[in-house]
Amino acid sequence: MELPKHYDYKESERKWQKFWEEKQFFKVELKKASKPFTIDTPPPTVSGEMHLGHSFSYAHEDFVARYKRMRGYTVFYPFGTDDNGLPTERLVEKINNVKSKSMSRDDFVTLCIQTIKKIMPGFVQDWKNLGMSCDFSDTYSTIHRDSIHTSQLGFVDLYNKGHIYQTDSPTIFCTTCNTTIAQAELEFVDKKSIFNDIIFKIAGKEVVIATTRPELLPACVAVVVHPDDARFKDIIGKTAVVPLFDYEVPIIADSKADPEKGSGVVMCCTFGDKTDIEWWRDHNLPTKIVINKDGTLNDLAGKYRGMKLLNARKAMVEDMKKKGLLVKQEDIVHPVNVHERDGTEVEFLNTKQWYVRLMDKKQRLLDAGDKINWYPKHMKSRYMNWVENLNWDWGISRQRHFGVPFPLWYCKKCGAPKVADPDQLPVYPEDDNPKTPCECGSTSFRPEKDVMDTWATSSMTPQIAMRSIRDKQTFNRNYPMSLRPQAHDIIRTWAFYTIVKGVLCHETIPWKDIAISGFVLDPHGNKMSKSKGNAIAPQEVLRDYGADALRFWAAGSKLGDDMPFQEKDLLTGRKTVTKLWNASKFVIMHLEDYQEHTEELEVMDKWLLMKLNRIVKVCTEYFDRYEYSKTKAEAENFFWQTFCDNYLEIVKHRLYNPDKFGTEARMSAQFGLYHGLLTVLKMFAPIMPHITEEIYSLYYNKKEKHETIHLSNWPEEIKEAEDSDAMYTGDIAIGIIGAIRKFKAEKEMSMKDPISEVTISCPKRERGLLERVLRDIQETTSVENITFGEGELGVAEKVKVNIIK
């Protein structure tokens, strides 16, 4: 069989991706699956194009999906997109050069849906180009009607169970996005700031208070000291005058005041941080909200009304300088809470929001974490630490246009919320009405205009993907799902919230296993970012190196570890693809007349097969633990060293000269070639699906009667290989061949240059074993004569090679 000289990855990858999709190899009916393996695929956020981190982590989960199919599982591997959140709004605004807040809700929602529909095919194509084996024939969107139905049903269920409540209280607010956010959406960032020592007057005396936020002076409601701080015991219970605004606030004692920080005297404002909120609640302090939702100051700020926060800060500092109220300033760097989406420093505003009760359920959530198998194990601590350190219930209200609407209204007469009946869902409160009157008898309602947090919907991907609202029986049979693959940065969000929904909605965990991927870093170990200019587009990598090379690179990362991007790893991947193609051409050329060998195998062929058995065993164990990087390393090492560098060279003389060395010897070598290459292809198939499919289709699919390698069987132990002496003998023979090759390299000889004589010193037992492979050693190394001697051996030596040119 004549194979093309070169492998064209661009043509091949397009061909096989189209073939897989047309044949629908990866489409499954979960309802009929007898041995299902269900994957809760992460739905990528529709916020632009696939980035390198996407290609990295999605390749990892695809390794697992393809492996599990070859192990005989019916793999449910859905694909969806998360397109109802803030990043999608931002993308729609950017593409269309609009601002959502300047448009009516209906107009902006319509624009979002139209834009998503337009860009979606190109967005999803990036994942197809990566070689993902999802079922792309039945994708979902988190803004689709069924997803809205599922999300709303989850809300109604939790509301009816008493897990959801509404209250007017301090909430975390992003003034850039003009919406509340959850604790899980916060990041700590070290930022430069200034400690301002400000004079407060107390009973005619001056007390210095240090603050980084003088713009909150008009929101000050108390001055706080530690009850055991002897310096200030005499002022507890008195009042202090707030500088610039000249009103009095009480001086209270609380153990949360740190005597070692600043002057030991702290101002409590509504609200600067979580401690302010705690003091406000614990001491029943008044509320003075001075910050508007757009990040400006309101009327309580007096002359500073309408100023942005930073501008107001500067203005107040200047005025205090003029009035002699500023003692000193000190530059500092301190951790600040920012919104993870845009880096805005968050505020705490008093607003009316919907919450899921979590603070009373910490132990249940910790117990759920213990029931899930975490890969790698240490990632569980991130989840457990997050739960243990929760400070807030889950705020699920968002003040945005585009999102899943709350399924409720408010009675215009009594103000009570009216939640939709489950059989009425999905509902759009601005268009629909409740089925029944309010308990007060009124039938006049106003709709809830807030939308749900995107995580309130994304936390139900198992229900959405398995179509729980359409086939509850199939869902119940397959929940918990088998696997959640995801990156470590969203353990506190997607993993946590999905576990919350599993525990509260279904009284169980959402999946049995969770496998965590790391981040892609730049070559210097820094996080990649477009703003930093160090981001690498996977589209360019796919163009220049191909999907298999990119996947090969991604497989080099240990489970859960971050990995710096190195172009040399892509080059190694491309070289491996080329080597696999060239080695396969050689093997297939010698298998044209192959028939299964039934006679006794040659020693070196048994040696190869026993190596194969070992590699299959360890790679299977690694893959079962989602340790794809170890599978890749083992398969790569076996292919390059054992198979190509050694075995192919050892059997060449038997393949090319059957008249000299015998037909049986050639057939034995063919047996080794057949199973050696087939096993290599199958071990590489989950990682490099295109090149392995190409080679498999040229020969093995006709032998194995499978249309695709990806639905063939994962390799198993080859029984004919059982021979412990063959393994031992083969290893010694490889050592001898290696010694002769080293000698030739040192003497700058060609590997084909003949050597007249080699003497091997070894014990009697090893001599008897080596006599069975002398011919293979001689032909491989071009040695004319090998004799055995009685030379003295080192402690660890089995043989000693003396080369006589």
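Reference entry: report on the structure contained in this document. (Residues numbered from 1 in each chain as written. Predicted model: local features only at pLDDT ≥ 70, side-chain atom pairs only at ≥ 80, totals over all residues. Heavy atoms only, no water.)

Our focus in this paragraph is the overall build of the protein chain. Counting its secondary structure elements, the protein chain contains 25 helices and 28 strands. Across the 805 residues in the protein chain, those meeting the buried criterion constitute 58%. For the protein chain, restricting intrachain contacts to residue pairs at least 6 apart in sequence, the fraction spanning at least 24 positions comes to 78%. For the protein chain, the distance from the average position of its 113 positive side-chain charges to the average position of its 116 negative side-chain charges is 3 Å. (Helix = DSSP H or I, 4+ residues; strand = E, 2+ residues; numbered from the N terminus. Buried < 20%, exposed > 50% of the residue type's maximum accessible area, 1.4 Å probe, protein only. Contact = heavy atoms within 4.5 Å. Lys, Arg positive; Asp, Glu negative; His and termini not counted. Charge placed at Lys NZ, Arg CZ, Asp CG, Glu CD.)

Quick look at the pattern of salt bridges now. On inspection of all chains with the given rule, the structure shows 52 salt bridges. Via salt bridges that share partners, Asp 254, Lys 256, Lys 274, Glu 278 and Asp 282 belong to a single interconnected network. (Salt bridge = Lys/Arg side-chain N within 4 Å of Asp/Glu carboxyl O.)

Sheet architecture is open: 4 strands sit in the order 6-5-14-16, paired in antiparallel fashion. Each end of this open sheet is capped by a strand with a single partner; those strands are strand 6 (179-180) and strand 16 (394-395). Across 2 bridges, the pairing between strand 14 (residues 347-356) and strand 16 is antiparallel. Bridging across to strand 16, Tyr 355 finds its partner in Gly 395. (Pairing = 2+ DSSP bridges.)

Following the sequence through the fold, Asn 298 ends up in the loop between helix 6 (274-282) and helix 7 (309-323). As for Asn 298 and Ser 697, which are separated by 399 residues in sequence, their C-alpha atoms are 71 Å apart. With near-sequence residues (within four places) excluded, Asn 298 lies in contact with Ile 289, Val 290, Ile 291, Asn 292 and Arg 305. A polar contact is formed between the side chain of Asn 298 and the backbone nitrogen of Leu 300, at a distance of 3.0 Å. (Polar contact = N/O pair within 3.5 Å; in protein donor to acceptor, adjacent residues only side chain to side chain.)

Moving on to helix 13 (residues 491-506). Taken across its 16 residues, helix 13 has 14 buried, putting it largely inside the fold. Trailing helix 13 by a residue or two, Glu 507 shows a phi angle of about 60 degrees, which is positive.

Our next topic: the packing of aromatic side chains. The final tally for this structure, using the stated rule, is 40 aromatic pairs. On the numbers, 5.9 Å between centres and 15 degrees between planes, the contact of Phe 348 with Trp 392 is stacked. Of the two residues, Phe 348 is situated in strand 14 and Trp 392 in the loop between helix 9 (380-388) and strand 16; the sequence distance between them amounts to 44 residues. The exposure class of Trp 392 is buried, given its relative accessible area of 14%. On the numbers, 5.3 Å between centres and 50 degrees between planes, the contact of Phe 496 with Tyr 497 is tilted. Per residue, the accessibility class of Phe 496 equals that of Tyr 497, and both read buried. Grouping aromatic residues by their ring pairs yields a cluster made of Trp 374, Tyr 383, Trp 386, Trp 394, Phe 496 and Tyr 497. One Lys or Arg, Arg 484, reaches over the ring of Trp 494 and ends 3.1 Å from the middle of that ring. If you follow Lys 652 out to its NZ or CZ, it ends over the ring of Phe 586, 5.6 Å from the centre. (Phe/Tyr/Trp six-rings, centres within 6.5 Å; stacked < 30°, edge-to-face > 60°. Lys NZ or Arg CZ within 6 Å of the ring centre and 35° of its normal.)

Spanning 22 residues, helix 17 (residues 603-624) covers 32 Å between terminal C-alpha atoms, matching the ideal 32 Å at 1.5 Å per step. Of all 22 residues making up helix 17, 17 are buried, and the element is well covered by its neighbours. One or two residues past the end of helix 17 sits Tyr 626, with phi positive at roughly 65 degrees. (Expected span 1.5 Å × (residues − 1).)

This part is about the sheet that holds strand 18 (residues 408-411). Through backbone hydrogen bonds, the strands of a sheet pair up, either in parallel or in antiparallel fashion. Pairing in this open sheet of 3 strands is antiparallel, and the strands run 19-18-20 from one edge to the other. Since the sheet does not close on itself, it has two edges, and those belong to strand 19 (417-419) and strand 20 (445-447), each with one partner. The sheet shows a mean angle of 35 degrees between the axes of neighbouring strands, taken without regard to direction. Pairing of strand 18 with strand 20 involves 3 bridges; the strand directions are antiparallel. Across the sheet, Trp 409 pairs through a bridge with Pro 447, a residue of strand 20. (Axes fitted to C-alpha atoms, helices over the stretch in contact; angles between N-to-C directions.)

Attention shifts here to unusual backbone geometry. Phe 271 follows Thr 270 through a cis peptide bond whose omega is 0 degrees. As for its position among the elements, Phe 271 is in the loop between strand 12 (266-269) and helix 6. Of note, the amide linkage connecting Tyr 375 to Pro 376 takes the cis form, showing an omega dihedral of -5 degrees. Mapped onto the secondary structure, Pro 376 falls in the loop between strand 15 (373-375) and helix 9. Unlike most non-glycine residues, Arg 467 shows phi in positive territory, near 55 degrees. Mapping Arg 467 onto the fold places it in the loop between helix 11 (461-465) and helix 12 (472-478).

Turning next to the packing of helix 8 (residues 362-371) against helix 9. One way to put it is that helix 8 packs onto helix 9 with a least axis distance of 9 Å and a crossing angle of 175 degrees. In terms of their interaxial angle, helix 8 and helix 9 are classed as roughly antiparallel. Of the residues in helix 9, those touching helix 8 at Lys 362, Leu 365, Leu 366, Gly 369 and Asp 370 are Lys 380, Tyr 383, Met 384, Val 387 and Glu 388. Per-class residue counts for the contact of helix 8 with helix 9 are 5 nonpolar, 1 polar and 4 charged. (Parallel < 35°, antiparallel > 145°, perpendicular 65-115°, else oblique. Nonpolar A, V, L, I, M, F, W, Y, C, P; charged D, E, K, R; others polar.)

Moving on: the nonpolar core. Counting residues in each nonpolar core, the largest one holds 194 residues, and the members touching the most others are Phe 155, Trp 394, Phe 496, Trp 553 and Phe 643. In contact with Phe 496, not counting residues within four places along its chain, are Leu 358, Leu 365, Tyr 383, Trp 386, Val 387, Leu 390 and Ile 491. Membership of the second largest hydrophobic core comes to 39 residues, among which are Cys 220, Phe 245, Ala 312 and Met 320. (Core = buried A, V, L, I, M, F, W, Y, C linked by side-chain atoms within 4.5 Å.)

One can find Arg 654 in helix 18 (residues 628-656). Judged by its relative accessible area of 0%, Arg 654 is buried. Of note is the side chain of Arg 654, whose polar atom sits 3.0 Å from the backbone oxygen of Ala 665.

On to the environment of Lys 10. With respect to the secondary-structure elements, Lys 10 resides in helix 1 (residues 9-23). Between the C-alpha atom of Lys 10 and that of Asp 544, which follows or precedes it by 534 residues, the distance is 9.2 Å.

For the structure shown, the criterion picks out 0 disulfides. Cys 268 takes part in no disulfide bond, and the closest cysteine sulfur, belonging to Cys 269, lies 6.7 Å away. Note on Cys 268: relative accessible area 0%, which makes it buried. For Cys 440, which is in no disulfide, the shortest distance to another cysteine sulfur is to Cys 411 and amounts to 3.6 Å. (Disulfide = S-S within 2.5 Å.)

For the rest of this paragraph, the subject is the side chain of Asp 83. If you trace the backbone, Asp 83 turns up in the loop between strand 3 (78-81) and helix 3 (86-96). The buried charged residue Asp 83 lacks any salt bridge partner; its closest oppositely charged side chain belongs to Arg 400, at an N-O distance of 10 Å. A distance of 2.8 Å separates a polar atom in the side chain of Asp 83 from a polar atom in the side chain of Ser 141. Dropping the residues within four chain positions of it, Asp 83 is found in contact with Val 46, Thr 88, Ile 116, Met 120, Ser 141, Thr 142, Ile 143 and Phe 402.

On to the packing of helix 16 (residues 567-589) against helix 20 (residues 663-684). Two numbers describe a pair of packed helices, the interaxial angle and the distance between the axes. Across the interface, helix 16 lies against helix 20 with an axial gap of 10 Å and an inter-helix angle of 155 degrees. Viewed along their axes, helix 16 and helix 20 adopt a mutual orientation that is roughly antiparallel. The hand of the helix 16/helix 20 crossing is left-handed. For the pair helix 16 and helix 20, the contacting residues are Thr 576, Leu 580, Ser 584, Val 587 and Ile 588 in the first and Leu 673, Leu 677, Val 680, Leu 681 and Phe 684 in the second. Residues that form the contact of helix 16 with helix 20 fall into these classes: 8 nonpolar, 2 polar and no charged. (Left-handed = near helix turned anticlockwise from the far one by under 90°.)

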